[in-house]
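Read off the chains here:
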Amino acid sequence: MKNAFFLRNYWLFEIKEDDESQSLYIDKTFRSIKSRLLIKWNMVMGRSNQLALILSVLCIYLYLEIFRICPYQTNAECSQLFLKVRLPKLMIMSTLSNLCQITINMLALRNDISAFWSRFVNAFIIFQQLFNGHEFSTQNYQLLFQVFHTIFLVTTFIIVQTILALKRLIKRWGYFKIVISILILLLAVHIYITRQLQKSCKHWKNGIFETQIIQDDQYCQIVEPEYCVFDYLDGYFDATRLYDCTLHGCDSNQNIQTWMKVLNLTHQPKYLIFPDITKLSHDIRMMNYNKFQYQFLKHTMPSNNSNQAIQSEVYLDLSNLVYNINIKYNQTLVEEKKLLQKDKKSPKNIISIWVDAVSRARFMKKLQKSVKWFEQNHNEKYKAFQSLRYLGVDDHTTPVYFAYMFGEVFRSSSNYSTHEKWSMTGGYEPPKEEPLINIQQQLSNSGYIVGRAGQQCGTSAAELDPSLIGVLNEPYADHEFIVTSCDPNFRNPESPYGFFKGPYSIIRKCLYNKEVNNYVFDYAKQFLNTYSDEKKYLELYILDGHEGTGDAIGYLDDPLLDFLQWLTINNILEDSVIMLQSDHGLHMQGQYYMMGLEQYFIEISLPGFFAIMDKSLFREEQHYINYQENQQKLLTVFEVHYFMKYLLDGSESENSIISSSIKDKRNCSDTPKPIEQLCPCI
């Protein structure tokens, strides 16, 4: 007797030698399979499930229809011409998709439809959220709707489960007892939260030197938030607590393979030599971030020659994933700059540290130690400054940074050719026919060696575009470091704005077990050491605050303080000006924006500005007096621009940090027209 066994989908049956019995056995088996499949089919495609099929198709269609890639090249154009006009429709479609999914889940829970449909739809959407769309920008904004989608589902699930639980409790204890218990619980929670929120704004007006925003008729009165939700919820959304990239080893093989892939390499080189950013063509230096990264990678050169690697300013030891920085003293550059130096009273060092998306109040709360450094170094020789009413002229970086560079108002970020100069009287003058000269170029023309290091993969904090050629000159630098920000293991070229990776990450921004800001500060220290005896300007651009939780910025405090203390230890405050500033408050917390939270709109309009300056650099005693008195007055980035020009050649403007002409009662209408919602004055 020979037996043959066949296993198919967990069905085991025996084929016997007797043909007739074998035929009957197989027939009986397949009939059983057929009947089971029919039962399953009826369960899935019965009349009640036809509705589930329609809802499932509609749910998936709406979910996929939400995501469309913006056809424009810049975030400014996408925001104004694509996303803004579609936003109401997108919100409606997202809500309908969520409602379809919730309806399917509820019907499945009630056994009105097959659980197959619930599993199918949920599995599809979870797959989409896990494996697609981890890029967040206005060009590919689906991450925003994934967050909204998830919050909506979780909230609805909690509400449904609460209602079901209440129904069970009502059956057991009765309606009256449950209602009274709920009312008592809600009242207790309300009283507790209200009391905590009422105390949350206790320190909101505080500045350094134990000062506060003075709220009287002498100055523009700042709108104070009634409840400081940012402070009340401080630390609750700290995603770094779940995963701290500085405590976990990186996957070296994967990181190396990433480089091999983006550079189309078949054999692993020992070193990667990066281009001198300052020597790239005019067109490349004016490109937006995405296009610039492509060109940067295109100009990156693999090498096995250690001598060749050492000759470059920055190279990557690919085997060990270690960046090597070697800024070389350029004697020719120094001699050229000295010939341009005419004003001997200008500072030896001007250091400008930009921290994106941090309000004055968040500086005081999240960067306490760094801000305290300005107060601790304030003495007879070095004079610290804080602007308690520092007005943001826009809620995006580009117009603010252009104002800092050019002293210009760019009225539309989607039409860069429309610009007007803010004159000394606060009025406007026609645009110049010649390209605008930025402050970095002006510093260079005055004999300063210009260095720049930042966390954005581009030559400027502003969003550039080749269409700007002829309107303004390209960003200038003699030494420039943005290599780590363009590293594909930090900024994925295909998905640069990830939730947990890249410049807008909600956790610590790391690269090869080291925070990206550490690379920036390391480069800054070496630049200052290399040209220790020369006049120089150093600009740093930090993106740690540009994310959606509001908590990641707190991890910048220690490395920033370390850099500031290094300046003190190395006596760099001597004959120097150090500025710490922001462009606007945090604007990526979408949940607070949708809630219309008062504090969100107040703080976005009040960025931070702190400075410390060698007192000997004031040209007149009255300038120092103005410097102190202007701390309570309404100031903007334009005053900083003209202050820089004062440092260069002593030119006095009616609109500068050291000016005596700034009115005490200055209001938003007296400044270069910020958008209406950005006026924090009553």
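**Student:** What exactly am I supposed to notice about the state of the cysteines here?
**Tutor:** Put plainly, two cysteines are in a disulfide when a covalent bond ties their sulfur atoms together. Scanning the entire structure with this criterion turns up 5 disulfides. The partner cysteine of cysteine 220 in its disulfide is cysteine 681, sulfur to sulfur 1.9 Å. Disulfide cysteine 220-cysteine 681: torsion about the S-S bond near -95°, hence left-handed. With cysteine 220 in the loop between helix H6 (175-200) and helix H7 (229-232) and cysteine 681 in the segment after helix H23 (637-649), the pair connects residues that are 461 residues apart, well separated along the chain. Residue cysteine 681 is classed as buried on the basis of its relative accessible area of 9%. Covalently, cysteine 668 is tied to cysteine 679 through a disulfide, its sulfur atoms 2.0 Å apart. In this structure the cystine formed by cysteine 668 and cysteine 679 twists about its S-S bond by roughly 95°; its chirality is therefore right-handed. Residue cysteine 668 is located in the segment after H23, and its partner cysteine 679 is located in the segment after H23; the two are separated by 11 residues in the primary sequence. Classification of cysteine 668 by relative accessible area gives buried; the value is 7%. In this structure cysteine 59 is not part of a disulfide, and its nearest cysteine sulfur, from cysteine 100, lies 5.5 Å away.

**Student:** Can you help me understand the nonpolar core in this one?
**Tutor:** Grouped burial of nonpolar side chains is what soluble globular proteins tend to show. Counting residues in hydrophobic clusters, the biggest one holds 70 residues, and the most contacted among them are Trp259, Phe292, Tyr323, Phe374, Phe563 and Leu567. In this structure phenylalanine 292 touches Ile277, Leu280, Ile284, Met287, Cys457, Gly458, Thr459, Ile482 and Cys486, once residues within four positions along its chain are discounted.

**Student:** Explain the layout of surface pockets to me, please; I cannot follow it from the model alone.
**Tutor:** Rolled over the atoms, a probe with the dimensions of a water molecule shows which regions are left empty. Roughly 830 Å³ of volume is contained in the second largest pocket. In terms of lining, the second largest pocket is formed by 31 residues, of which the most central are Gln254, Asn255, Asn489, Phe490 and Lys501. Only helix H8 (252-262) and strand E15 (510-511) provide two or more residues apiece to the lining of the second largest pocket. At 5 residues, H8 tops the list of elements feeding residues into the lining of the second largest pocket. Among the residues forming the lining of the second largest pocket, the class breakdown is 13 nonpolar, 12 polar and 6 charged.

**Student:** What is the right way to look at the side chain of glutamate 539 in this model?
**Tutor:** Along the chain, the position of glutamate 539 falls in strand E17 (residues 536-542). One polar contact links glutamate 539 to glutamine 440, side chain to side chain, over a distance of 3.1 Å. Ignoring sequence-local partners within four residues, the contact set of glutamate 539 consists of Ser352, Trp354, Tyr401, Tyr404, Gln440, Gly451, Arg452 and Ala453.

**Student:** I keep staring at helix H19 (residues 557-569) and nothing clicks. Help me out?
**Tutor:** Every α-helical turn comprises 3.6 residues, leaving residues that sit three or four positions apart pointing alike. The terminal C-alpha atoms of H19 lie 18 Å apart, and with 13 residues this matches the ideal 18 Å at 1.5 Å per residue to within 8%. Once H19 ends, the next one or two residues include asparagine 571, with phi positive near 55°.

**Student:** How should I be thinking about the pairing of strand E13 (residues 449-454) in this particular structure?
**Tutor:** As a general feature of sheets, a regular strand has side chains that alternate between the two faces. Among the 6 residues of E13, 6 are classified as buried, and the element is accordingly described as predominantly covered. Side-chain alternation along E13 places Ile449, Gly451 and Ala453 on one buried face and Val450, Arg452 and Gly454 on a second face that is also buried. In this sheet, E17 lies alongside E13 in parallel orientation, the contact comprising 6 bridges. Bridging from a neighbouring strand, arginine 452 pairs with glutamate 539 of E17. Of the strand pairs in this sheet, E13 and strand E14 (residues 479-481) are connected by 3 bridges, and their pairing is parallel. Bridging from a neighbouring strand, arginine 452 pairs with glutamate 480 of E14.

Criteria and thresholds
Residues numbered from 1 in each chain as written. Predicted model: local features only at pLDDT ≥ 70, side-chain atom pairs only at ≥ 80, totals over all residues. Heavy atoms only, no water. Disulfide = S-S within 2.5 Å. Helix = DSSP H or I, 4+ residues; strand = E, 2+ residues; numbered from the N terminus. Buried < 20%, exposed > 50% of the residue type's maximum accessible area, 1.4 Å probe, protein only. Core = buried A, V, L, I, M, F, W, Y, C linked by side-chain atoms within 4.5 Å. Contact = heavy atoms within 4.5 Å. 1 Å grid on protein atoms, 1.4 Å probe; cavity = no way out; pocket = protein on both sides within 12 Å on 5 of 7 lines; lining within 4 Å. Points joined across faces, edges and corners; volume = space filled by probe spheres on them. Nonpolar A, V, L, I, M, F, W, Y, C, P; charged D, E, K, R; others polar. Polar contact = N/O pair within 3.5 Å; in protein donor to acceptor, adjacent residues only side chain to side chain. Expected span 1.5 Å × (residues − 1). Pairing = 2+ DSSP bridges.

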